[in-house]
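One-letter residues, chain by chain:
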Amino acid sequence: MSFSHAVKRMLVGRKLASTQLGETLLPKRIALPVFASDALSSVAYAPDEILLTLSLAGMAGFAFSWWIGLLVAVVMAVVVLSYRQTVHAYPSGGGDYEVATVNIGPTAGLVVASALLVDYVLTVAVSVSSGVQNAEAMLPFLAGHEGPVAALVILLLMAMNLRGVRESGTAFAVPTYLFMVAIIGMTLWGLFRILVLGHELRAETADWVVHSSAPYAQNFTGLLMVALLARAFSSGCAALTGVEAISNGVPAFRKPKSRNAATTLGLLGLIAITMLGGIITLANLTRVHMLDVRGGAWFVKPDGTEVHHEATTVVGQLARVVFQDSFLPGFYLVVLLTMLILFLAANTAFNGFPTLGSILARDGYLPRQLHTRGDRLAYSNGIISLAFAAVALVLIFNASVTALIQLYVVGVFVSFTVSQFGMLRHWTRALRTETSAPARQRMQRSRLINAVGLTLTGIVLLVVLASKLLHGAYLAIIAMVVTFLVMKAIHRHYARVAKEVALSGPSDRALPSRVRAVLFVGQVNKPTMRALAFAKATRPSSLEAVTVAVDDEQTRALLEVWDDNQVDVPLKVIASPYREVTGPFIEHVRRIRTDNPRDVVSVYIPEYVVGHWWEQLLHNQTALVIRTRLHFMPGVMTISVPYQLRSSQEAEQRYEADDPSAWRMVGQ
């Protein structure tokens, strides 16, 4: 086994046959952390974004965090209920894309797909960046290096996901469940200490007064107040991202797929709402304050000292105040698990993006390579594409959550809104033909849920666009439009090619009048003789050997060797006054084709088969150019006749050592 093959097997694992696909299906206990880690982890940064935005109004803004948290929870509950209808109605894994395509049209489906693809990339970038930011509470030396660290984490997640959905899910399940226990445990213990034991728990920023130079602080009433609250609400709605991933991942569940997916989705909603509500409640009781430095806010300590840097995250402050004087290891446990879950939240996108990409590739909107599964039956090309796109984002924005969050949420609410409208049309169409009373009641109830979902998600989408458009959301919209146009162009290309190569009648199977064979001769040696023998074996109508004279002395020597070996095919010499080989030879072939338009010209080119990449640089360069140019000439076929050098035999032995079974199959 070669070193590179050994490294690949170590990183990815042994190959899985297509018949082993059933072994990769997920039970609910593994599916929950795989598909819900994004939505669950959002409770670690959604409260931060709410309080950061409210800080622009000074101390007055924090009084509204209760109401914003409650509104976000209500929207999440409705969206979860709505998507439970989707996984039952469309269990094939197309999710929002399939709902929109079937019920509204291909253009609507493509709008949803472009929004989701962009949002999945942002999910990875935001989650990992937030994880790095939380890690700074325990590892201060990461400050200033957030971008490269986040890029490294994304590449590690890519490597894990290339091992397959089941393996990555099993590896990530334990920290995800521990995170749930840690956050809910911290919330319950904190509330117990405050409400039952009567302890006065105050966060480290509780006595710090927030001042702001933003216009909201000067006049926090009327339209300015509504605008800031809408912006805070739209940032808090980041908690809803990831909910749609389960509808795209239904095929990954064990049977009964729809029921298991719906159950997992219900658990996701219940746990996420509980955790988000608990953190918002505890943050208010302990008076946690946050600071948007970029927006013009700053802290003033009780001693009058001004602080112009952002405070520790909400979860970090809560963990410190709840556990510092009662169970200090609890603080480190919560911070560590929060950091891990934010990194693992990207795993939801690593499952959703490749699956959606595969479906779009199947429908001809993305390159076909995204539809194929890799060694571990995962959509490897989609995983790699997502990773590199996310790496580019975190490096461009230096893993700044505050900057990236402005691009976030727009895409997911576009897909939410279009999908809910599609489901509304789905149930309306189904009710026209359904006669069973119980079935009609069930459909009417489902339609009502989707109608409420459409109303709420539509309102949220308008709020997000109005509040975030000028703060960076326009970049996400531009990315969606570009993605939409690229997918349209790819689809047109595939459609044009399919039409061009489709059979149109008996003329497609008509035989050529004659086959005129041309052998390219660069030297008189074993490869040339083998190519000549192969050309003769095909029994062409005519056969000629051609060489190009770039040096008179070398050409005379070549002709002498040709004659000495008594080759029974005449060797034609083409003059080349400018010492060019490929041009005169191509022109000669073109003349044959022009003079005989109903004939096929077969060009035989001897090539060396080498065993090392650097040997390829030393051989076959002229043959490569000739073959490439002839590919564009109608009615001309190029046949490469290989001659295996000794180094190629060594390469064959290496390949066979890498994977003997695959080599034997190729040989068969």
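Cut-offs applied
- Residues numbered from 1 in each chain as written.
- Predicted model: local features only at pLDDT ≥ 70, side-chain atom pairs only at ≥ 80, totals over all residues.
- Heavy atoms only, no water.
- Pairing = 2+ DSSP bridges.
- Helix = DSSP H or I, 4+ residues; strand = E, 2+ residues; numbered from the N terminus.
- Right-handed = clockwise from strand over helix to strand, strands pointing away.
- Phe/Tyr/Trp six-rings, centres within 6.5 Å; stacked < 30°, edge-to-face > 60°.
- Buried < 20%, exposed > 50% of the residue type's maximum accessible area, 1.4 Å probe, protein only.
- Lys NZ or Arg CZ within 6 Å of the ring centre and 35° of its normal.
- Axes fitted to C-alpha atoms, helices over the stretch in contact; angles between N-to-C directions.
- Parallel < 35°, antiparallel > 145°, perpendicular 65-115°, else oblique.
- Left-handed = near helix turned anticlockwise from the far one by under 90°.
- Contact = heavy atoms within 4.5 Å.
- Nonpolar A, V, L, I, M, F, W, Y, C, P; charged D, E, K, R; others polar.
- Core = buried A, V, L, I, M, F, W, Y, C linked by side-chain atoms within 4.5 Å.
- Salt bridge = Lys/Arg side-chain N within 4 Å of Asp/Glu carboxyl O.
- Polar contact = N/O pair within 3.5 Å; in protein donor to acceptor, adjacent residues only side chain to side chain.
- pLDDT = per-residue confidence, 0-100.

(A) Region of the structure containing the pairing of strand E4 (residues 515-520). In the sheet, E4 pairs with strand E7 (residues 600-609) via five bridges, with the strands oriented parallel. Each bridged residue has a counterpart across the sheet, and for Val518 the counterpart in E7 is Val603. In the classification by handedness, the crossover that spans E4, the intervening helix H20 (residues 526-537) and the parallel strand E5 (residues 542-549) is right-handed.

(B) Structural view of the packing of aromatic side chains. For the structure shown, the criterion picks out eight aromatic pairs. Between the aromatic rings of Phe520 and Phe585, the centroid separation amounts to 5.0 Å while the plane-to-plane angle is 75°, which identifies the pairing as edge-to-face. A residue pair is termed long-range when its members are at least 10 positions apart, and Phe520 in strand E4 and Phe585 in helix H22 (residues 582-595) qualify at 65 residues. Residue classification places Phe585 among the buried positions, given a relative accessible area of 0%. Among the aromatic side chains, those forming a connected cluster through ring pairs are Tyr83, Phe413 and Phe416. Arg368 extends its terminal NZ or CZ atom over the ring of Tyr494, reaching a point 4.1 Å from the ring centre.

(C) Layout of the packing of helix H6 (residues 106-135) against helix H19 (residues 473-501). For the pair H6 and H19, interaxial distance at closest approach is 9 Å and the crossing angle is 125°. Relative to H19, the element H6 is oriented oblique. In this structure, the crossing between H6 and H19 has a hand that is right-handed. Residues Thr107, Leu110, Val111, Ala113, Ser114, Ala115, Leu117, Val118 and Leu122 of H6 form the contact with H19, whose participating residues are Ala476, Ala479, Met480, Thr483, Phe484, Met487 and Lys488. Counted by class, the contact of H6 with H19 contains twelve nonpolar, three polar and one charged residues.

(D) Local environment of the sheet that holds E7. Strand order in the open sheet formed by five strands is E6-E5-E4-E7-E8, and the pairing between neighbours is parallel. Both outer strands of the open sheet, strand E6 (571-575) and strand E8 (636-644), are each paired with one neighbouring strand and no more. Looking at each pair of strands side by side, their axes are set apart by 30° on average, direction ignored. In this sheet, E5 lies alongside E4 in parallel orientation, the contact comprising five bridges. The partner of Phe520 across the bridge, within E5, is Val546. This element, H20, spans E4, E5, E7 and E8 of the sheet and lies at about 130° to E8. Those strands touched by H22 are E4, E5, E6, E7 and E8, and its axis lies near 150° from that of E5.

(E) Structural context of the sheet that holds strand E3 (residues 306-307). Read across the open sheet, the three strands follow the order E1-E2-E3; overall the sheet is antiparallel. Each edge of the open sheet carries a strand with a single partner, namely strand E1 (209-212) and E3. The sheet contact formed by strand E2 (residues 297-300) and E3 spans two bridges and is antiparallel. Note on E3: the bridge partner recorded for Phe299 is Val307.

(F) How the structure looks around the nonpolar core. If you look at the biggest cluster of nonpolar residues, it comprises 156 residues, and the most contacted ones within it are Phe350, Leu360 and Phe413. Filtering out sequence-adjacent residues up to four positions away, Phe413 remains in contact with Val75, Cys237, Leu240, Thr457, Val460 and Leu461. Counting residues in hydrophobic clusters, the runner-up holds 17 residues, among them Val548, Ile586, Ala623 and Ile626.

(G) Spatial organisation of the pattern of salt bridges. This model, assessed by the stated rule, comprises nine salt bridges. One salt bridge connects Arg627 with Glu607, and the closest N-O pair in it is separated by 2.2 Å. In this pair, Arg627 sits in helix H24 (residues 621-630) while Glu607 sits in strand E7, placing the two residues 20 residues apart along the sequence. Of the two residues, Arg627 and Glu607, neither departs from the other in class, the shared state being buried. Connected through salt bridges with shared partners, the residues Glu200, Arg202 and Asp207 form a single ionic network.

(H) Local environment of the packing of helix H13 (residues 314-323) against helix H14 (residues 328-362). Where H13 meets H14, the axes come as close as 8 Å, and the angle between the chain directions of the two elements is 165°. Taken together, the axis directions place H13 and H14 in an arrangement best described as roughly antiparallel. The hand of the H13/H14 crossing is right-handed. Along its contact with H13, which presents Val315, Gly316, Ala319, Arg320 and Phe323, the element H14 presents Leu328, Gly330, Phe331, Val334 and Thr338. Residues of the contact of H13 with H14, tallied by class, amount to six nonpolar, three polar and one charged.

(I) The arrangement of the side chain of Ser114 in detail. Here Ser114 lies in helix H6. Reaching out from Ser114, the side chain makes a polar contact with the backbone oxygen of Val111 at a distance of 2.8 Å.

(J) Local environment of unusual backbone geometry. Look at the link from Lys255 to Pro256: it is a cis peptide, with omega at -5°. Residue position: Pro256 is located in the loop between helix H11 (245-248) and helix H12 (257-285). With a phi angle near 50°, Gln566 is a residue other than glycine that sits in the positive phi range. Tracing the backbone shows Gln566 in the loop between helix H21 (552-564) and E6.

(K) Expanded view of the confidence of the model for the protein. Mean pLDDT over the protein stands at 83; residues scoring 70 or higher make up 90%. In the predicted structure, residues 17-22 sits below a pLDDT of 50 and forms seven contacts with residues beyond four places in sequence or in another chain. This stretch, residues 660-668, has a pLDDT under 50; its non-local contacts, to residues over four places away or in other chains, come to three contacts.

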